[in-house]
Amino acid sequence: MKGTPITEQLYDYIVSHFAQEDDLLRRLPAEAAARGAPLIHISPEQGRFLQVLMRAAGAKRVLEIGALFGYSAIWMARALPEDGALLALEVHPLHAQLTRENVARAGLSHKVEVRQGNALDLLAALDPRPPFDFVFIDADKPAYLAYLEHALRLTRPGAIIVGDNASAAGNVWKVDATPDDAYIQAMHAFNHRMATDPRLLSILVPISDGMCVGVVK
Ligand code: MG
């Protein structure tokens, strides 16, 4: 294996130098958990990574599929220009409400719209004019391939598409031995499409649970 293993110390170095949470972001997970939300949000260094990718793509219009309680939306909205906009889709009514509340507390309501409903229905109603510059997929895994097709339909050349949990908790490589594991199978199908689709140039980045990143050709 090439590369340097991530130790606890190296991880802390990366987060403390590049991805420190402010007081609001630090408080959000415990507060959301107290209201019943699961703690499956992205990690701080993933938030910074999304910001870096957004800026690299010159992102003004961002689409998030799966908002949970707004942690990732706040990271992303903070990297938007003043005239930028993020549309966050969230199926769970409580999670959509938490996202709206937390985005408001972050002073970002003017940049973030939360739409509650089934993402496939909401996506089908979206028009690619004007196109999105950046799409972050972090929702139910069996629908990732369908989300990716919508992302490709709704973006411009040079846009970036990111799928979270691409390593399936480190187990995605077991795909051939686990035909009944829906999570692994779904993440592998997504990764394979990202890797081979001629419309994309992609790489699986081993950050947190893995982020599959593709640039639209
Ligand atoms: Mg995730």
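Provided above is the structure to which this section pertains.
Residues numbered from 1 in each chain as written. Predicted model: local features only at pLDDT ≥ 70, side-chain atom pairs only at ≥ 80, totals over all residues. Heavy atoms only, no water.

**Re the pattern of salt bridges**
Counted according to the given criterion, the structure contains 14 salt bridges. Arg35 is paired through a salt bridge with Glu101; the nearest N and O atoms lie 2.7 Å apart. Taken together, the residues span a long stretch of sequence, with Arg35 in the loop between helix 2 (23–34) and helix 3 (44–56) and Glu101 in helix 5 (residues 93–105) at a distance of 66 residues. On the basis of relative accessible area, Arg35 is assigned to the partly exposed category, the value being 42%. Of the residues examined, Glu101 reaches a relative accessible area of 27% and is grouped as partly exposed. Several salt bridges share partner residues, and in doing so they unite Glu149, Arg193, Asp197 and Arg199 into one network. (Salt bridge = Lys/Arg side-chain N within 4 Å of Asp/Glu carboxyl O. Helix = DSSP H or I, 4+ residues; strand = E, 2+ residues; numbered from the N terminus. Buried < 20%, exposed > 50% of the residue type's maximum accessible area, 1.4 Å probe, protein only.)

**A few points about the coordination of the magnesium ion**
Protein coordination at the magnesium ion comes from Asp138 (OD), Asp164 (OD) and Asn165 (OD1), with a distance range of 2.1 to 2.2 Å. Site description for the magnesium ion: donor spacing in sequence, D-x25-D-N. With Asp138 in the loop between strand 4 (132–137) and helix 7 (144–154) and Asn165 in the loop between strand 5 (155–164) and helix 8 (182–196), this pair connects stretches of sequence that are 27 residues apart. (Donors = N, O, S within 2.8 Å, 3.2 Å for Na, K, Ca; no water.)

**A word on the pairing of strand 6 (residues 200–205)**
With six bridges connecting them, strand 6 and strand 7 (residues 211–216) associate as antiparallel partners. By the bridge assignment for strand 7, Leu204 is matched with Cys212. Following strand 6, the chain reverses through five residues before pairing antiparallel with strand 7; Ser208 in that reversal takes a positive phi of roughly 50 degrees. (Pairing = 2+ DSSP bridges.)

**Comments concerning the packing of helix 7 against helix 8**
Two elements in contact, helix 7 and helix 8, have axes separated by 9 Å at closest approach and are oriented at 30 degrees. By the angle between their directions, the pair helix 7 and helix 8 is classed as roughly parallel. Facing helix 7, whose interface residues are Tyr144, Leu145, Leu148 and Glu149, helix 8 presents Met187, Ala189, Phe190, Arg193 and Met194. The residue makeup of the contact of helix 7 with helix 8, split by class, is seven nonpolar, no polar and two charged. (Axes fitted to C-alpha atoms, helices over the stretch in contact; angles between N-to-C directions. Parallel < 35°, antiparallel > 145°, perpendicular 65-115°, else oblique. Contact = heavy atoms within 4.5 Å. Nonpolar A, V, L, I, M, F, W, Y, C, P; charged D, E, K, R; others polar.)

**Describing the nonpolar core**
Within the largest apolar cluster, 40 residues are counted, with the highest numbers of intra-cluster contacts made by Phe134 and Val162. If you look at the next biggest cluster of nonpolar residues, it comprises 32 residues, including Leu87, Leu126, Val135 and Phe190. (Core = buried A, V, L, I, M, F, W, Y, C linked by side-chain atoms within 4.5 Å.)

So far we have only geometry, and geometry alone does not tell us how the molecule works.
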